[in-house]
Amino acid sequence: MSEADERALRGAVGPTSRRIMFNHLAILMSLLTAWEVGVRTGTLDALFFPLPTDILAGFWRLYVVQGNVWSHLGLTMMEVSIGFLAGSALGIGLAVVVGLVEPLRRYMKPYVIITEATPRIAIGPVIIAAFGFGWTSKVAIVMLVCFFAPFVNTLNGMVNVDDDELDMMRSMRASKLQIFRKLMIPDAMPEIMGGLRLAMASALGGALVAEFIAANAGMGVLINQYTGVLNMASAFVCVLTLTAIGFFILRFMEAVDRWLVFWGDRARTEAVSRRRASAWARREEGRT
Amino acid sequence: MTVAELRPTGTASADLPVIAARGVTKTFGDGRVVALEGADFDVRPGEFISLVGPSGCGKSTLLRIVAGLLGSSAGSLSVHGEKVTGPRHDVAMMFQKPTLLAWRTAIENVLLPTEIAGRVTDKDRRRAMDLLELTGLKDFAFSFPSQLSGGMQQRVALARLLQTGADILLLDEPFGALDEFTREHLNVELMRIVGEVGATTLFVTHNIGEAIFLADRVFVMTPRPGRLAKIVDVPFARPRSPELQLTPDFNQLVAEVRTTLGAVA
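If you're wondering where the values come from, they're calculated on a predicted model, not measured in any experiment. (Residues numbered from 1 in each chain as written. Chains lettered and ligands numbered in written order. Predicted model: local features only at pLDDT ≥ 70, side-chain atom pairs only at ≥ 80, totals over all residues. Heavy atoms only, no water.)

A. Structural detail: the sheet that holds strand S7 (residues 168-172) of chain B. Residue and element names in this part refer to chain B. Taken in spatial order, the six strands line up as S6-S7-S8-S3-S9-S10 in an open sheet, and their pairing is mixed. The open sheet has two free edges, formed respectively by strand S6 (91-94) and strand S10 (227-233), since each of these has just one partner strand. The mean angle between the axes of side-by-side strands here comes to 20°, regardless of whether they run parallel or antiparallel. Two elements, strand S9 (residues 217-222) and S10, share six bridges in a ladder whose sense is antiparallel. Looking at the pairing, Arg217 lines up with Asp233 of S10. Here helix H2 (residues 59-67) sits on the sheet in contact with strand S3 (48-52), S6, S7, strand S8 (200-205) and S9, set at roughly 150° to S7. (Pairing = 2+ DSSP bridges. Helix = DSSP H or I, 4+ residues; strand = E, 2+ residues; numbered from the N terminus. Axes fitted to C-alpha atoms, helices over the stretch in contact; angles between N-to-C directions. Contact = heavy atoms within 4.5 Å.)

If you want it as structure tokens, here you go:
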């Protein structure tokens, strides 16, 4: 498809997509209005369904007037970030080592299977007993949650390299390091990214569950406190905050995926192709 | 750049056989399966050899042994007078699958062997572009494999093969996965290009007509155990056109090869 065709198509889609957005908004507003009316007339139990307007007011109260959410949110996000980075780095790193060393692969397998079969959350209290109530135990739990998907996917990606492509590299007298860097890692990239997306999706949940088990601060603790005193509007504010963060994390990982594994996406492939062509042309100009 | 500059940089000398095989044998599974038994032959500089035979005749095994990807169980194989112990810089191989790296543009794929051997210079880049022009893909130098047809992908693989500068080219059914028309066209192109660069070529196929059309000599191979049954000389002058395949002389050679294959099968 030419660029002009694409522009024309996008032009045709424009108004329709605006109408769809409007429809979405209308449906959402009706639902919220029904909710509000339902609670005010007593059809819905206010204990489980706080008024949407109360929740809205709760955002103002928690974030601006009291401002107490920030420190809890910051702590939870720190646990999530450190746990995710350390856990997935450990997972990918170990998978690379295991993938490159054949005997290790054979003898590690039973342990991987046993550990994978164990529910991660069951180990939660054990970790908290070992590391204490503070943030270190939460980071450890998030690490545990974030370890397996990247580990398993990276290992799969590395083991599933095409035999002919390996022979092609070997026939060019590529070293082990060159085969690893130029073939195995890029080849495994889509799977590694898939593992990272899974890990990131479970990291936030892992941190919250860890905070539910035992902690003195964090979003999990805050939600527990509010539900404990039946302040449902405030509890909803916390949950909706986490929804928004979860959404942005998901979108961010998708964007990273499309950027790194560009060859899996047609439009991105075409864009990168054009960029490489102009980079080549610039070099040619620079030389003459 | 002239064609002469695209010639391989290897060290061919006219009197020595480029490839010499003496009783090359390959067995798998503790000697239970004999993939190739006692292959004896010499290949002269610049010769085009087709290896033809049904599956299991050991033609791909032989090619992999010459490539240094596979060790032989018995016998000796030498290239330019040296015993083959592993992949060599003067031997390059092309596979039935294009084996292009999906995250590299056509030209980056062509430059892969240079990158593996060392630093990529402007001269290497120009050579890669010239080779893409030679294989008719200059306009697609910056396309990714997923943007190219199967035939175009194999042209990139062919350019990459030539970029190695090897003077011995091994092709394992390179166009076997393509449709009849594309394959015929690419065979003619291959003959022209290999002729221009003057490389010694081993070409594996299971198509008898294709084998004869391309080759100076056809190695007819038979299975169970894999064996080099007969060497057929192809006397036709070059350049050859596809019409050659309609002549009685050509068909007589086809019959000869077919008889050899049929007598054993």
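B. Summary view of the UniProt feature "domain: ABC transmembrane type-1" (unreviewed entry) in chain A. In the numbering used here, UniProt assigns the "domain: ABC transmembrane type-1" (unreviewed entry) feature to residues 73-251 of chain A. Across residues 73-251 of chain A, helical content stands at 88% and strand content at 0%; the span's end C-alpha atoms are separated by 19 Å. (UniProt positions renumbered as here; feature names shortened; annotations may be inferred.)

C. Broad picture of the side chain of Glu211 of chain A. For Glu211 of chain A, the location among the structural elements is in helix H8 (residues 176-213). In this structure Glu211 of chain A touches Thr76, Glu79, Lys138, Ala217, Gly218, Met219, Gly220 and Val221 of chain A, once residues within four positions along its chain are discounted.

D. Just unusual backbone geometry, in detail. All names here are of chain B. Between Arg224 and Pro225 the backbone carries a cis peptide bond, its omega angle lying at -10°. Examined against the element boundaries, Pro225 turns out to sit in the loop between S9 and S10. Note the cis peptide between Arg238 and Pro239, where omega equals -5°. Residue placement: Pro239 occurs in the loop between S10 and helix H9 (248-264). Notably, His80 is not glycine yet its phi reads approximately 50°, a positive angle. Mapped onto the elements of the fold, His80 is located in the loop between strand S4 (74-79) and strand S5 (82-83). We note that Glu173 has phi near 45°; this positive angle belongs to a residue other than glycine. For Glu173, the position within the fold is in the loop between S7 and helix H7 (180-197).

E. Just the UniProt feature "transmembrane region" (unreviewed entry) in chain A, in detail. All names here are of chain A. The sites that UniProt annotates as "transmembrane region" (unreviewed entry) are residues 20-39, 83-101, 113-133, 139-161, 198-223 and 229-250. Within the segment residues 20-39, helix and strand shares are 100% and 0% respectively, and the terminal C-alpha atoms sit 29 Å apart. Across residues 229-250, helical content stands at 86% and strand content at 0%; the span's end C-alpha atoms are separated by 32 Å.

F. How the structure looks around the pattern of salt bridges. Counted according to the given criterion, the structure contains 27 salt bridges over all chains. The salt bridge partner of Asp257 of chain A is Arg197 of chain A, with a shortest N-O separation of 2.7 Å. Residue Asp257 of chain A is found in helix H10 (residues 232-260), and its partner Arg197 of chain A is found in helix H8; the two are separated by 60 residues along the sequence. Put simply, Lys230 of chain B and Glu256 of chain B hold a salt bridge, and the shortest N to O gap is 3.3 Å. Of this pair, Lys230 of chain B sits in strand S10 while Glu256 of chain B sits in helix H9, and the two are 26 residues apart along the sequence. Shared partners join several salt bridges into a network, and the residues in it are Asp162, Asp164, Asp167 and Arg170 of chain A together with Arg64 and Lys97 of chain B. (Salt bridge = Lys/Arg side-chain N within 4 Å of Asp/Glu carboxyl O.)

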